[in-house]
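# A structural walkthrough
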Amino acid sequence: ALWCLMMSVTPTRGCLLDLPWEDILVPHILCHLPLQQLLSLQRVSKSFQSLIQLYLANMRCFDSSQIGPAIPRAAFVNLLKDNEVLQQLALQNCSDWLTDRELLPVIGQNHHLHQIQLKGCAQLSRHALVAISLSCPNLRQLSLAHCEWVDSLSLRSLADHCKVLEAVDLTACRQLKDEAICYLVQKCGRLKSLSLAVNANVGDVAVEETAKCCPELEHLDLTGCLRVKNDSIRVLAEYCPKLRSLKVKHCHNVAESSLSILRSRGVELDVEPPLQRALVLLQDVVGFAPFINLQI
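What comes next concerns the included structure. (Residues numbered from 1 in each chain as written. Predicted model: local features only at pLDDT ≥ 70, side-chain atom pairs only at ≥ 80, totals over all residues. Heavy atoms only, no water.)

### Observations concerning the overall build of the chain
When its secondary structure is counted, the chain shows 13 helices and nine strands. Within the chain, contacts between residues at least 6 apart in sequence are counted, and of these 71% link residues at least 24 apart. For the chain, the accessible area works out to roughly 15200 Å², and carbon and sulfur atoms hold 53% of it. (Helix = DSSP H or I, 4+ residues; strand = E, 2+ residues; numbered from the N terminus. Contact = heavy atoms within 4.5 Å. Areas by Shrake-Rupley, 256 points an atom, 1.4 Å probe, with all protein chains shown as cover.)

Quick look at the structure:
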């Protein structure tokens, strides 16, 4: 139906392309179409090609997953070469080829970005994070999960320049140690969500400093942080009254003695209470849920 609308021509109404492009077509019609379909429209005519180029230059959100499981390098460069108004950038589907060479021009000309997703983009370097910190002062959400090129110096640059950050994902950024995390949270006290998962170098020092510097913290992921112990969880409970979820699975030094404080406040934990865990294990062994008199 939409295709027919675009191609229809009547003596009284004309065709869709007669509508104002910047005032009507781009902000009110094209924004509702999947990006992959918009790119296909470029092949209809030169007029449609010009219209789509105008749309791409004014696009506020770019998500590579909307194009398909993989986006060619040349296509990515062409799509964003004229855009200077991006607010959200998600490039997890570009991880096989994305390097600083492709990313830095996009970052350098888009100073309004407040959300960037680079999960798994392993071929970037620390220069990418430095460029983000210098070009995106209003950045609020940043995912660097599984980006092992992130080091303490580039994270310090981020902390120095992006002080309104609210959510940072540093899952499996294995170069980072307590000192780097401490510097980040000291500079970015508005953090509401932080993931330090799968990082063997993160311990109590980082968790305690996070708790003391980020009173607005709501979500913290410490999955697999083997050096985290009970003391830092108690500090977290004391200093973060707004905490809603905590992930500590595979943190073998964190026990129920510290988690019970958070559990009593309704904080969502990914570790079951000891009794419930025992019942589940027993059910797995005997094949049914036993009836137990809890008053005994």
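### Examining the nonpolar core
If you look at the biggest cluster of nonpolar residues, it comprises 84 residues, and the most contacted ones within it are Phe 62, Leu 222 and Leu 246. If you tally residues by element for this core, the top one is helix H9 (residues 178-187), at five residues. No fewer than three residues from each of domain 1 (19-58) and domain 2 (62-273) sit in this core. If sequence neighbours within four positions are ignored, Leu 222 has contacts with Leu 196, Ala 197, Val 207, Val 228, Ile 233, Leu 246, Lys 247, Val 248 and Cys 251. (Core = buried A, V, L, I, M, F, W, Y, C linked by side-chain atoms within 4.5 Å. Buried < 20%, exposed > 50% of the residue type's maximum accessible area, 1.4 Å probe, protein only. Domains from an automatic or database assignment.)

### Considerations on the pattern of salt bridges
According to the stated counting rule, one finds nine salt bridges in the structure shown. Salt-bridge contacts for Asp 178 lead to Arg 227; the nearest nitrogen and oxygen are separated by 3.7 Å. Of this pair, Asp 178 sits in helix H9 while Arg 227 is found in the loop between strand S7 (219-221) and helix H11 (230-239), placing the two residues 49 residues apart along the sequence. Notably, a salt bridge pairs Asp 231 with Arg 234, separated by 3.3 Å at the nearest N-O pair. Of this pair, Asp 231 and Arg 234 both sit in helix H11, separated by three residues, roughly a single helical turn. For Asp 231, a relative accessible area of 49% puts it in the partly exposed group. (Salt bridge = Lys/Arg side-chain N within 4 Å of Asp/Glu carboxyl O.)

### Digging into H11
If you check which residues of H11 are buried, you get Asn 230, Ser 232, Ile 233, Val 235, Leu 236 and Ala 237. Tucked inside the fold, the buried residues of H11 contact helix H10 (204-213), S7, strand S8 (245-247) and helix H12 (256-264).

### As for the sheet that holds strand S4 (residues 141-143)
Spatial ordering of the open sheet is given by S1-S2-S3-S4-S5-S6-S7-S8-S9, a layout of nine strands whose pairing is parallel. Edge positions in the sheet fall to strand S1 (61-63) and strand S9 (268-269), since each has one partner strand and no second. Strand direction decides the pairing type here: S1 and strand S2 (residues 88-90), joined by three bridges, are parallel. Directly across from Phe 62, in S2, lies its bridge partner Leu 89. (Pairing = 2+ DSSP bridges.)

### A word on the packing of aromatic side chains
For the structure shown, the criterion picks out two aromatic pairs. Through successive ring pairs, a cluster of aromatic residues spans Phe 62, Phe 76 and Trp 97. Above the face of the Tyr 183 ring, Arg 156 is positioned so that its terminal group lies 3.8 Å from the ring centre. (Phe/Tyr/Trp six-rings, centres within 6.5 Å; stacked < 30°, edge-to-face > 60°. Lys NZ or Arg CZ within 6 Å of the ring centre and 35° of its normal.)

### With respect to the packing of H9 against H10
Packed helices, taken two at a time, are described by their axes: the angle between them and the distance between them. The geometry of H9 relative to H10 is characterised by a closest axis approach of 8 Å and an angle of 5 degrees between their N-to-C directions. In terms of their interaxial angle, H9 and H10 are classed as roughly parallel. Touching Asp 178, Ile 181, Cys 182, Val 185 and Gln 186 of H9 are Val 205, Ala 206, Glu 209, Thr 210 and Cys 213, all from H10. Partitioning the contact of H9 with H10 into residue classes produces six nonpolar, two polar and two charged. (Axes fitted to C-alpha atoms, helices over the stretch in contact; angles between N-to-C directions. Parallel < 35°, antiparallel > 145°, perpendicular 65-115°, else oblique. Nonpolar A, V, L, I, M, F, W, Y, C, P; charged D, E, K, R; others polar.)

### Brief notes about helix H7 (residues 126-135)
Spacing of three or four residues puts side chains on the same side of an α-helix, whose turn is 3.6 residues. Within the sequence span of H7, burial applies to Ala 128, Leu 129, Ala 131, Ile 132, Ser 133 and Ser 135. Contact partners of the buried residues in H7: helix H6 (100-108), strand S3 (115-117), S4 and helix H8 (152-161).

### Some remarks on the packing of H10 against H11
Across the interface, H10 lies against H11 with an axial gap of 8 Å and an inter-helix angle of 5 degrees. With respect to each other, H10 and H11 are oriented roughly parallel. Between H10 and H11, the contacting residues are Asp 204, Val 207, Glu 208, Ala 211 and Lys 212 on the first element and Asp 231, Ser 232, Val 235, Leu 236 and Tyr 239 on the second. Classifying every residue of the contact of H10 with H11 gives five nonpolar, one polar and four charged.

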